[in-house]
Amino acid sequence: LVSDWSSDVCSSDLQNEELRRTQRELETARERLALLYDAAPFGYLTIDSTAVIREANSTAADLLGCPHQQLAGRGLSRFVAPESQDAFHIFCGSMFAAEGKRAAELRFRRSDRSTFAGWLETHPEPPTPGEPPRFLLALTDITERMRAQEHLAQLAAIVESSNDAIIGQTLDGVVISWNPASERIFGNSTGEMLGRPFRILVPPDHLDSQQAIGQRIRQGERIEHYDSVRITKDGRRIAVTVTTSPIKDVRGGIVGISTILRDITPHKWAEAARRQSEAALASFFDEAPLRLLWVSPDGRVLRVNGAQLALLGQSQEGFLGRKLVEFSAPSEPMALMLEGLARHEALHDQ
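Our subject in this report is the structure included herewith. (Residues numbered from 1 in each chain as written. Predicted model: local features only at pLDDT ≥ 70, side-chain atom pairs only at ≥ 80, totals over all residues. Heavy atoms only, no water.)

Regarding the overall build of the protein chain
- Secondary structure assignment for the protein chain yields 12 helices and 12 strands.
- In the protein chain, which comprises 350 residues, the proportion classed as buried is 31%.
- Considering only intrachain contacts with a sequence separation of at least 6, the fraction spanning at least 24 residues in the protein chain is 34%.
- When the accessible surface of the protein chain is summed, it comes to about 22100 Å², and 56% of that surface belongs to carbon and sulfur atoms. (Helix = DSSP H or I, 4+ residues; strand = E, 2+ residues; numbered from the N terminus. Buried < 20%, exposed > 50% of the residue type's maximum accessible area, 1.4 Å probe, protein only. Contact = heavy atoms within 4.5 Å. Areas by Shrake-Rupley, 256 points an atom, 1.4 Å probe, with all protein chains shown as cover.)

Quick notes on the pattern of salt bridges
- Scanning the entire structure with this criterion turns up 17 salt bridges.
- Across the salt bridge formed by D249 and R251, the nearest N and O atoms sit 3.7 Å from each other.
- Relative accessible area serves as the criterion here: at 27%, D249 is assigned to the partly exposed category.
- Using a relative accessible area of 74% as the deciding quantity, one classes R251 as exposed. (Salt bridge = Lys/Arg side-chain N within 4 Å of Asp/Glu carboxyl O.)

Regarding the pairing of strand β2 (residues 53–56)
- Across 3 bridges, strand β1 (residues 43–48) lies against β2 in antiparallel orientation. The partner of I47 across the bridge, within β2, is I53. (Pairing = 2+ DSSP bridges.)

Concerning the packing of aromatic side chains
- One pass over the structure, following the stated rule, counts 4 aromatic pairs.
- Arranged with centres 5.8 Å apart and planes meeting at 40°, the rings of W178 and F186 form a pair that is tilted.
- Judged by relative accessible area, W178 falls into the buried class, the value being 6%.
- Aromatic pair F285 and W294: ring centres 6.4 Å apart, planes at 45°, arrangement tilted.
- Looking at R303, its charged tip hangs above the ring of F285, at a distance of 5.2 Å from the centre. (Phe/Tyr/Trp six-rings, centres within 6.5 Å; stacked < 30°, edge-to-face > 60°. Lys NZ or Arg CZ within 6 Å of the ring centre and 35° of its normal.)

Some thoughts on the sheet that holds strand β8 (residues 223–231)
- An order of β7-β6-β10-β9-β8 is seen for the 5 strands of this open sheet, with the pairing classed as antiparallel. One side of each edge strand has no neighbouring strand; the edge strands of this open sheet are β7 (175–178) and β8. If you compare each strand with its neighbour and ignore which way they point, the axes differ by 30° on average.
- The sheet contact formed by β8 and strand β9 (residues 237–248) spans 7 bridges and is antiparallel. Following the sheet pairing, I231 is matched in β9 by R237.
- Most of the contacts of helix α8 (residues 207–218) go to β8, to which it runs at about 145°, and overall it touches β8, β9 and β10 (254–263). (Axes fitted to C-alpha atoms, helices over the stretch in contact; angles between N-to-C directions.)

Some remarks on the side chain of S182
- You can see S182 is positioned in helix α6 (residues 180–186).
- Setting aside chain neighbours within four positions, we find S182 in contact with A165, I166, I167 and G187.

Concerning the nonpolar core
- Core analysis: the biggest nonpolar cluster contains 26 residues, and L45 and L64 have the highest contact counts within it.
- Looking at this core, the elements with two or more residues in it are β1, β2, α2 (58–64), α4 (85–97), β3 (102–109), β4 (115–124) and β5 (134–141).
- Grouped together as the second largest cluster of nonpolar side chains are 19 residues, F198, L201, Y226 and I257 included. (Core = buried A, V, L, I, M, F, W, Y, C linked by side-chain atoms within 4.5 Å.)

Looking at the pairing of strand β12 (residues 301–304)
- When strand β11 (residues 293–295) meets β12, the two strands line up antiparallel, connected through 3 bridges. In the strand pairing of β12, W294 is matched with R303.
- In sequence, β11 turns back onto β12 through a hairpin of 5 residues, with G299 there showing a positive phi of about 90°.

What about unusual backbone geometry?
- A cis geometry characterises the amide bond from A329 onward to P330, with omega recorded as 0°.
- For P330, the location among the structural elements is in the loop between α11 (316–319) and α12 (332–342).
- With a phi angle near 80°, R113 is a residue other than glycine that sits in the positive phi range.
- Mapped onto the elements of the fold, R113 is located in the loop between β3 and β4.
- Unlike most non-glycine residues, H225 shows phi in positive territory, near 50°.

Points about a nonpolar patch on the surface
- A cluster of nonpolar residues, L281, F284, W294 and L302, forms a patch on the protein surface that exposes about 430 Å² of accessible area.
- Summarising the element assignment, L281 is placed in helix α9 (residues 265–287). (Patch = residues over 30% accessible without salt bridge, like charges linked within 9 Å, V, L, I, M, F, W, Y side chains within 5 Å.)

Structural notes on α12
- Buried within α12 are the following residues: M334, L338 and G340. Taken down its axis, α12 places every buried residue within 160° of arc, on the same side. Away from the buried face of α12 by more than 90 degrees, exposed residues E332 and L336 are located.
- In this structure, the buried side of α12 is in contact with β11.
- H344 lies just past α12 and shows a positive phi near 65°. (Arc of directions from axis to C-beta.)

Here it is as structure tokens:
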């Protein structure tokens, strides 16, 4: 009997020790969860069916700019900016009416009247018998993300509306982006170019220079405004000015190549026509049998043709840059003529 009683006592002590150990582990786990809840990077709030805050972690208190101990018992709507009040009430209505996850992008107002863009998600808590329903909310400040998205949207709009071809490539030279201006300039649609090598736009006699430029870009160099030639879909060669730069990821690594091309073919045509016109004018000026002079507004000789030099018995070196009045006798009529020309008067038979 004594032996049986001793065995029962030992067994009871072991069970009690096991219960105490389990209780300590549960308390430790609860403390760990409480710490994780309070220090989580997201704001956590528990609200009741009237949207009154019942619990909140420190992150939520910091986001709303309200001391932690003052949040409990306050309506969450007090922290919603006026422009988001209607959206918040619709969000609450859907949250209370149906089970499952709900989310909304709202503007929140802190106690100091400053505002931020917030992302609010709700998760209904498991029902407790005899207790009113409660909802767990996760609140995140997405202000910086919204700014980044707006910035990206602006950049995308610039690329889409640009008159220059803006082409993105992988480091291997495969086209990964092709804006509308690229379609207009080259004639290739986006579907025709995505996934194809950029070199199909480069004439064979420019491939070596293109490869050299690609190597410089892979080393982090940016090359601005150099003239080159490209090929359109119909085989035409067009003159372009090119800016090529590396595309970098958030860590600064080079992950691609950006190329901006402007079609300057009309400009080149105009430049060629201007040079041809100037050459023709120079030929006419120099070879004309008429004696011709080109003078500056102050009467200095800028250009003279052979017929005039022959009349005066002068060389170009001895004539150019000198005052025209030096060759006039008397000098006063020539000075008056130059004054009239400076006033945009047409002079005849002087």
